[in-house]
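Inside the fold
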Amino acid sequence: MDSLSQIALTMTPGLGPTSVRKLVDLYPDTDIFSLPAKELDEIFGTHRDIAACIADKTAFPRAEQELAFCEKNHIRPLFFTDNAFPQRLNRPETSDCPALLYVMGSADLNPERPVAVVGTRKATQQGRDNTERIISELKAYNTHIVSGLAYGIDTAAHTAALKFSLPTVAVLGHGLDQIYPTQNRTLAKNILEHGGALVTEYPSGTGINPRFFPARNRIIAALSDATVVVEASEKGGALITAALAGGYQREVFALPGRLSDTYSRGTNNLIATNKALLARNADDIAFHLGWPLAQQQLSLESQLGIEAVKLSAQEKRVVDTLRTRDSLSLDEIASLVNLSLPQTAALLFNLELKDLLRTLPGHLYCLR
C-alpha cells in the first residue's frame, strides 16, 4: 500500500491498531482498499459497517488532507511495515501500539540504547538536577533520550539531552500542527535542529485532550529499553508509563528520595513493591541492561579513535607499547620501541598533536 492508503486505513472508523496490523498481515502484498466488497464482508462478518467504509474509501478525503499536510511540513508518516518504523513497537507484547506514526525530524527510531526519562509535571529543583545528572552520566553510554515534552521532568530530560549532545525524541499526545505546552515550542524547535524528533500517532487537527496523554505514554514506554522515573507522587502519568513499560517487558528504574518528599513517594513505592529497580546513577541502569560499564565503554571508544587515525609504522609501535601499560617515561618507551630518545620524543609530540596521547605528572605518557 502507498502512504495514502496506509493513512486512510488508520483513519477508517472501527479499525484500531491491532485490527490494522492483523488485516495487513493477512494481505501483506495487497492494497486493502482494492479488495472486493464480498471478500471484505467475509473478513469482517457482522461488522459490515467497517467493510463498507473500506469499500467506499470513506477515509480517503481526510487522508488526502493529512498526506498533503505531511508533505508540506516535512513529516514522515511511518507505517508499521516500514523499515524506519520503530521495531520495538512491532513486538508481540506491544501489539496495542499504533500501526502508523507521524514523525517530524531526523532521529533514528531504532537506536541501540533508547532510555525513557519521565516524571511529575510539578518537578522540584532537586528533581530537575537529578534528571540532568543521570542524563549527563548516560552520555557515556551513547543513549537516546525519550520523553513526552510535558512540563517538569520531561522538559528537564529533553533539555539535558540537548545540553549533553544526546539525540532526544519527544512523543506528543496531539497532532504535529501544534505544540503543547506552548511554552515548549522553542524546546521542540531545538530538538529538531539537533537531530531529534517529534513523534505522534495523532493526525493534524487533533485537539488537546487529557485522555490522549496516557495513551501517548504507551509509545514512550514501548520506544525504550528502559524507563527511568525521576520524581512522581503516588498517582500520575509517570507511574502509568512505568506500568506500561513493565507490561511491555522493559526494565523500569526509579530514583529514590526522602520519605517525607511528596514527589518521591511514587518512586519509593515503585522500588518498595519491586515494580522498579533502584537507580542511583547511570551505571546501575547499564548493569541491569547488560551494557559495558562506562569505563569499559570509554576504553573501547579510545581504541576505536586510535584506529581511525592514520599512524606511521613507528607511531603505531609507540601506541601498541603504551596499550600494554598504564603509563611510561620517555626513556622506557625509547627502550621498548628500540629508538633514540630524540626520535621517540618527536613521535610522542606528534601523537599528542593527534590527541591520542597525554602527559602525566612526572614526565610520564599514557593513551587518552
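Presented here is a report on the structure given in the accompanying data block.

Quick notes on the rules
Residues numbered from 1 in each chain as written. Predicted model: local features only at pLDDT ≥ 70, side-chain atom pairs only at ≥ 80, totals over all residues. Heavy atoms only, no water. Helix = DSSP H or I, 4+ residues; strand = E, 2+ residues; numbered from the N terminus. Rg over C-alpha atoms; globule rule 2.2 N^0.38 Å. Contact = heavy atoms within 4.5 Å. Areas by Shrake-Rupley, 256 points an atom, 1.4 Å probe, with all protein chains shown as cover. Lys, Arg positive; Asp, Glu negative; His and termini not counted. Charge placed at Lys NZ, Arg CZ, Asp CG, Glu CD. Pairing = 2+ DSSP bridges. Axes fitted to C-alpha atoms, helices over the stretch in contact; angles between N-to-C directions. Buried < 20%, exposed > 50% of the residue type's maximum accessible area, 1.4 Å probe, protein only. Right-handed = clockwise from strand over helix to strand, strands pointing away. 1 Å grid on protein atoms, 1.4 Å probe; cavity = no way out; pocket = protein on both sides within 12 Å on 5 of 7 lines; lining within 4 Å. Points joined across faces, edges and corners; volume = space filled by probe spheres on them. Nonpolar A, V, L, I, M, F, W, Y, C, P; charged D, E, K, R; others polar. Disulfide = S-S within 2.5 Å. Polar contact = N/O pair within 3.5 Å; in protein donor to acceptor, adjacent residues only side chain to side chain.

1. Points about the overall build of the chain
- Looking only at helices and strands, the chain features 16 helices and 12 strands.
- Expected size for 368 residues packed as a compact globule is a radius of gyration near 21 Å; at 26 Å, the chain overshoots this value by more than 25%.
- On the principal axes, the C-alpha backbone points of the chain span a range of 90 × 55 × 35 Å.
- The long-range fraction of contacts in the chain, counting pairs at least 24 apart against all pairs at least 6 apart in sequence, stands at 69%.
- Carbon and sulfur atoms provide 52% of the accessible area of the chain, an area that totals close to 17,700 Å².
- Here the chain contributes 36 positive and 40 negative side-chain charges, whose respective centroids are spaced 4 Å apart.

2. Examining the sheet that holds strand β11 (residues 357-360)
- Pairing is antiparallel across the open sheet formed by three strands, whose spatial order is β10-β12-β11. Only two strands of the sheet have a single neighbouring strand rather than two, namely β10 (328-329) and β11.
- When β10 meets strand β12 (residues 364-367), the two strands line up antiparallel, connected through two bridges. Across the sheet, L328 pairs through a bridge with Y365, a residue of β12.
- Together, β10, β11 and β12 form the strand contacts of helix α14 (residues 313-323), whose direction differs from that of β12 by roughly 90 degrees.

3. Digging into the pairing of strand β3 (residues 114-118)
- Burial analysis of β3 places five of its five residues in the buried class, which makes it a mostly covered element.
- Side-chain alternation along β3 places P114, A116 and V118 on one buried face and V115 and V117 on a second face that is also buried.
- The pairing of β3 with strand β4 (residues 144-147) spans three bridges and is parallel. When the bridges of β4 are listed, V115 appears paired with I145.
- Since β3 and β4 lie parallel, the crossover through helix α6 (residues 125-138) that links them has a hand, and here it is right-handed.
- Here four bridges tie β3 to strand β7 (residues 226-229), and the two strands are oriented parallel to one another. If you follow V118 over to β7, its bridge partner there is V229.

4. Things to note about the layout of surface pockets
- Taken as a whole, the second largest pocket spans an internal volume of roughly 220 Å³.
- Elements represented by at least two residues in the lining of the second largest pocket include exactly α1 (3-11), α2 (17-26) and β2 (100-105).
- A breakdown of the residues in the lining of the second largest pocket according to their chemical character gives 10 nonpolar, two polar and one charged.

5. Describing the environment of L40
- Considering the arrangement of structural elements, one finds L40 in helix α3 (residues 37-44).
- The exposure class assigned to L40 is buried, which follows from its relative accessible area of 0%.
- For the pair formed by L40 and A52, sequence separation is 12 residues and the distance between their alpha carbons is 8.1 Å.
- Sequence-distant contacts of L40, defined by excluding residues within four places in its chain, comprise I32, L35, A51, I54 and A55.

6. Let's talk about the state of the cysteines
- Here the structure, examined in full by the defined rule, presents zero disulfides.
- Just so you know, C97 is unpaired, no disulfide at all, and the nearest cysteine sulfur is the one on C70, 20 Å from it.

7. Quick notes on the environment of Q178
- As for its placement among the helices and strands, Q178 is situated in the loop between β5 (168-171) and α8 (185-193).
- Residue Q178 is classed as partly exposed on the basis of its relative accessible area, which comes to 27%.
- For the pair Q178 and D31, spaced 147 residues apart in sequence, the C-alpha separation works out to 31 Å.
- Engagement of the side chain of Q178 in a polar contact is seen with the backbone oxygen of T206, the distance being 2.8 Å.

8. Some details on the side chain of T206
- Of note, T206 is situated in the loop between β6 (197-200) and α9 (212-223).
- Judged by relative accessible area, T206 falls into the buried class, the value being 13%.
- Once residues lying within four places of it in the same chain are set aside, the contact partners of T206 are H174, G175, Q178 and F212.

9. Quick word on the sheet that holds strand β8 (residues 251-254)
- Read from one edge of the open sheet, nine strands run β1-β2-β6-β5-β4-β3-β7-β8-β9, paired in mixed fashion. A single partner strand is all that each edge strand has here, and the edge strands are β1 (75-79) and β9 (277-278).
- Against the sheet, α9 engages β2, β3, β4, β5 and β7, with an angle of about 155 degrees to β5.
- Where helix α10 (residues 237-247) meets the sheet, it contacts β3, β7 and β8, and its direction lies at approximately 155 degrees from that of β7.

10. Focus on unusual backbone geometry
- Following Y180, the chain continues to P181 via a peptide bond in cis, the omega torsion being 0 degrees.
- Looking at the secondary structure, you find P181 in the loop between β5 and α8.
- In this structure, H74 is a non-glycine residue whose phi angle is positive, near 55 degrees.
- Looking at the element boundaries, H74 is found in the loop between α5 (60-72) and β1.
- Phi is positive for N338, which is not a glycine, with a value near 60 degrees.
- Considering the arrangement of structural elements, one finds N338 in the loop between α15 (330-337) and α16 (341-353).
- Residue N338 is classed as exposed on the basis of its relative accessible area of 67%.

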